[in-house]
Amino acid sequence: MSAAPLTVVIVGGVAGGMSAATRLRRLDESARIIVFERGPEVSYANCGLPYYVGGVIQDRDALLLQTPASLHRRFRLDVRVRHEVVRIDTDLRIVEVEGPDGQRVRQAYDRLVLATGARPRRDEPHAGVPVRSLRTVEDADAIHATLRPGLPVVVVGGGYTGLEAVENLVARGATVTLVQRGRQLLTPLDPEMAAPLAEELRAHGVDVRLGVEVTASAPGAVTLSDGSVVPAEFVVDASGVVPEVGLAQAAGLRLGETGGIAVDEACRTSAPDVFAVGDGVEKDDLVGGGPALVTMAGLANRHGRMVADLIAGREASARPAAGTGIVGVFGLAFAKTGWSERQLRAAGREYLAVHVHPGSHAGYYPGAETLSMKLLADPASDRILGAQVVGRDGVDKRIDVIATAMQAGVTATGLAELELAYAPQFGSAKDPVNLLGYVAENTRTGTTPTVQWHELDETVRSGAALIDVRSPAEHAAGAIPGATNLPLDELRDRLDELPPGPLVVHCQVGLRGHIATRLLRQHGRSVRNLDGGYRTWRDGTASAVA
């Protein structure tokens, strides 16, 4: 006698929820699968919403990947929009659901999947000005309909969503002010890597306000914590999200230390046969090993699929999350994976950092763009701890290679050995990822000892002399205060001009400094190279005064 078909209830009909529903149907044709979504849309491309606002995506329907009707036709899913699950009883295995008519009904389940996501933090007072997030199609519709050339708009929050909102509001002709509570935009990156962002925004007419927050509002304007008043017909709140855990908490499910729903490696909650996926759920952190909140659509989709496998009787478990992300702003791309130097320092972790600034492809082939790349590694184990890449071309390729290497256990110096596709219009014989591996090896083995940009002042105060090995023209165009210019190609013949004692050498991006360091060490000098050269120092010091 065959077992009775399972009844699977899924709460939330976007990334994680719909991945679970459609995958489960492909594995189990007999299961009864019911999806409750409190909003009016399901399975929509929420990552595309800013680009609909900006006109890049012109067809609104392109955002709606599926509808309840299409999901029923193809997958025989019972998808109910504008139905909010208001209570879960894990003992009775029921959910209580309020429909669009206000009536409440009970629905029994054999398996329950929570994909409730996250909600806007909304901790800024905006009572006098209309406020929108940019997380639903309804949000995008409202902003899209309101925009007109010259309309003053304030965006609160300089993270991924805020930056995408800024770019697309500017594309529609709005006059945009970006308000960021911290002293740096895009805080997942380290300051020297994020430094070009504020400059790029200002070059496109964005009024960037750092280190302030909105404290009050009145019709047509908001007041900032520094006392300034900024015109605003409406506010886009991109100040962050918090896990949507009210339903789970009321049902007695255990929450983790981050505030997200606690789950095991198979996304099981503390209640039997209840799973949770998506932005409201803790993930295992690849670098730190502990719980983390990582709000990435790719993870939500992958974990939804995994839960469907488990419900269908297959074995599966989630890989730890590296938090790989990328954002594009006016042609510049900013990407990261793993931990930042800031995180490693705060956690008291030992690490080494290297910066390189190679071309996106072979320099002799037209159109090469400079990349800024940073790698963080464990000096003892050589394990990759994180990476950041900034540039106009080839950023996505390089961060994906490094993220894959991290998951596969490739070491920092092992990056030098990766065999990557090469043709002059796509890369170099020594790909930028390979270069990171070479520099990491030189740094780790002591072949080329380095100084970081934020360590330079203290190193010089401790008695080291700073030597600029660039050309006189480069030195004249911009120099680190106190540096003595001795070009690399003249260095062997001018060794007697070097001051006694320890030295720090630098060039523009680090390569000539590496050569100078090797030369001088073989002449018996105590010398270190400024990692990433003048360019990294310039960006880092610029971020400190932004």
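Residues numbered from 1 in each chain as written. Predicted model: local features only at pLDDT ≥ 70, side-chain atom pairs only at ≥ 80, totals over all residues. Heavy atoms only, no water.

As annotated in an unreviewed UniProt entry, the protein chain is FAD-dependent oxidoreductase from Microbacterium paraoxydans. Of the protein chain, the UniProt comment under Cofactor (unreviewed entry) reads exactly: "FAD". (UniProt positions renumbered as here; feature names shortened; annotations may be inferred.)

(A) Representation of the packing of aromatic side chains. For the structure on display, the rule yields one aromatic pair. Measuring from centroid to centroid gives 5.7 Å for Tyr-534 and Trp-537, while their planes differ by 35°, and the two rings are tilted. Of this pair, Tyr-534 and Trp-537 both sit in helix α16 (residues 533–545), three residues apart, which is roughly one turn of that helix. Trp-537 matches Tyr-534 in its accessibility class, with the two residues each being buried. Note that Arg-349 overlies the ring of Trp-339, its terminal NZ or CZ placed 5.7 Å from the centroid. Over the ring of Tyr-534 we find Arg-470; its NZ or CZ atom is 4.5 Å from the centre of that ring. (Phe/Tyr/Trp six-rings, centres within 6.5 Å; stacked < 30°, edge-to-face > 60°. Helix = DSSP H or I, 4+ residues; strand = E, 2+ residues; numbered from the N terminus. Buried < 20%, exposed > 50% of the residue type's maximum accessible area, 1.4 Å probe, protein only. Lys NZ or Arg CZ within 6 Å of the ring centre and 35° of its normal.)

(B) The arrangement of the environment of Leu-92 in detail. Here Leu-92 lies in the loop between β4 (84–89) and β5 (94–98). Sequence-wise, Leu-92 and Ala-108 are 16 residues apart; in three dimensions their C-alpha atoms are separated by 8.0 Å.

(C) Region of interest: helix α10 (residues 395–408). The end-to-end C-alpha separation of α10 is 20 Å, in line with the 20 Å expected for 14 residues at 1.5 Å each. Where α10 is buried, its residues touch β21 (325–329), β22 (332–338), β24 (372–377), β25 (384–391) and α11 (432–445). (Expected span 1.5 Å × (residues − 1). Contact = heavy atoms within 4.5 Å.)

(D) Here's a closer look at the pattern of salt bridges. The tally for this structure, following the rule as stated, stands at 29 salt bridges. A network of salt bridges, in which partner residues are shared, links Arg-87, Asp-89, Glu-96, Glu-98 and Arg-104. (Salt bridge = Lys/Arg side-chain N within 4 Å of Asp/Glu carboxyl O.)

(E) Region of the structure containing the environment of Val-156. As for its position among the elements, Val-156 is in strand β10 (residues 152–156). Note: C-alpha distance between Val-156 and Glu-213 (57 residues apart in sequence) is 7.9 Å.

(F) Up close: the sheet that holds strand β14 (residues 221–224). Judged by pairing direction, the sheet is antiparallel, and its three strands sit side by side in the order β13-β14-β15 without closing on themselves. Of all the strands in the sheet, just β13 (214–218) and β15 (229–231) have a single pairing partner and so form its edges. On average, adjacent strands in this sheet sit at an angle of 25° to one another, irrespective of strand direction. Here β14 pairs with β15 via three bridges, running antiparallel. Paired with Ala-221 across the two strands is Pro-231, which belongs to β15. (Pairing = 2+ DSSP bridges. Axes fitted to C-alpha atoms, helices over the stretch in contact; angles between N-to-C directions.)

(G) Quick look at the layout of surface pockets. If you add up the space inside the second largest pocket, you get close to 400 Å³. In terms of lining residues, the second largest pocket is bounded by 18 residues, among which Val-356, Leu-435, Val-439, Gly-510 and Leu-511 are the most central. Contributing elements (two or more residues each) for the lining of the second largest pocket: β23 (352–356), α11 and α15 (511–521). The dominant element in the lining of the second largest pocket, judged by the number of residues it contributes, is α11, at five residues. Looking at side-chain class alone, the lining of the second largest pocket contains seven nonpolar, 10 polar and one charged residues. (1 Å grid on protein atoms, 1.4 Å probe; cavity = no way out; pocket = protein on both sides within 12 Å on 5 of 7 lines; lining within 4 Å. Points joined across faces, edges and corners; volume = space filled by probe spheres on them. Nonpolar A, V, L, I, M, F, W, Y, C, P; charged D, E, K, R; others polar.)

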